[in-house]
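Examination of the molecular architecture
What follows is the residue order along each chain.
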Amino acid sequence: MDITAHDIPSAGSARPLPVTELALRLEGLTESDDESEARARSARAIAVLSYADVSNTLGLEISQGDRPGQVTALVLLPFGGEAAVRTTVSAASGNRIAFKDFEVTGGSLPAAGGAVLDKVFERPIQLRNIPDGLRLRSVTTTAAGLTARFSGESVTFRPEGAAQDDEGRADSVVRGA
């Protein structure tokens, strides 16, 4: 079964990150006897996260970097001017997007600005509403945004309003689907 969804909102997080487009391929999909959940023998998903949404989440203007796997952040300085910063994006454990090894590539960033960027980039973005068994495998950059690739075996889907796990995640990717 193939499912495509667009403009999936995100809520319940200090740093929510909506999904612009989600393509989901499910194999061996079965429903529980009480219809409370569905389980796929295997699942693969590709989520596109727009630069506008990543920018809103981080509080910085983010665009595609000049190297694969990197983004550029535009930092507006308090007394005028700006600085461009390049950072590498990657998949981190726990279905998170990590930013590391940032460097100033344009303009001048005062020491206080570097400390602010450390805080912005030190904490990976936690992706929410990921079904049990589905894991973030990679994050790449494209002209449209970040592309997050997921895969998993024995993936469980529960409808909106289902119980949440210990980390507060709901177990549904496509709410109301």
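First things first, this report covers the structure right here in the doc. (Residues numbered from 1 in each chain as written. Predicted model: local features only at pLDDT ≥ 70, side-chain atom pairs only at ≥ 80, totals over all residues. Heavy atoms only, no water.)

Some words on the sheet that holds strand β8 (residues 125–126)
For clarity, the threshold we go by: Think of it this way: DSSP has to see at least two bridges between two strands before they count as a pair. The helix and strand labels rest on DSSP assignments: H or I over at least four residues marks a helix, E over at least two residues marks a strand, and numbering proceeds from the N terminus. Throughout, a contact is declared for two residues whenever any of their heavy atoms are within 4.5 Å. Axes, fitted as lines to C-alpha atoms, cover a helix only where it is in contact. Angles between the N-to-C directions of the axes lie from 0 to 180 degrees.
With respect to topology, 5 strands assemble into an open sheet ordered β4-β5-β6-β7-β8, the strand pairing being antiparallel. Each of the sheet's edge strands pairs with one partner strand only, and the pair in question is β4 (61–64) and β8. Relative to strand β5 (residues 70–76), β4 is paired through 4 bridges, and the arrangement is antiparallel. Its bridge partner lying in β5, I62 is registered against A73. Along the sheet face, helix α1 (residues 51–58) touches β4, β5, β7 (96–106) and β8 and points at about 145 degrees away from the line of β4. Against the sheet, helix α2 (residues 111–122) contacts β5, β6 (82–92) and β7, and its axis sits at roughly 160 degrees relative to β7.

Section: the sheet that holds strand β2 (residues 19–31)
Note on sheets: strands pair through backbone hydrogen bonds, and any given pair is parallel or antiparallel. One open sheet holds the 5 strands; their spatial order is β1-β2-β3-β10-β9, and the pairing between them is antiparallel. The two strands at the open ends of the sheet, each matched to only one other strand, are β1 (2–8) and β9 (135–141). Direction aside, the axes of adjacent strands within the sheet are offset by 15 degrees on average. Pairing between β2 and strand β3 (residues 38–50): 10 bridges, direction antiparallel. By the bridge assignment, L29 is partnered in β3 with A40. The sheet strands contacting α1 are β2, β3, β9 and β10 (145–157), and the helix crosses β3 at an angle near 85 degrees.

Coordinates in, geometry out; function isn't part of it.
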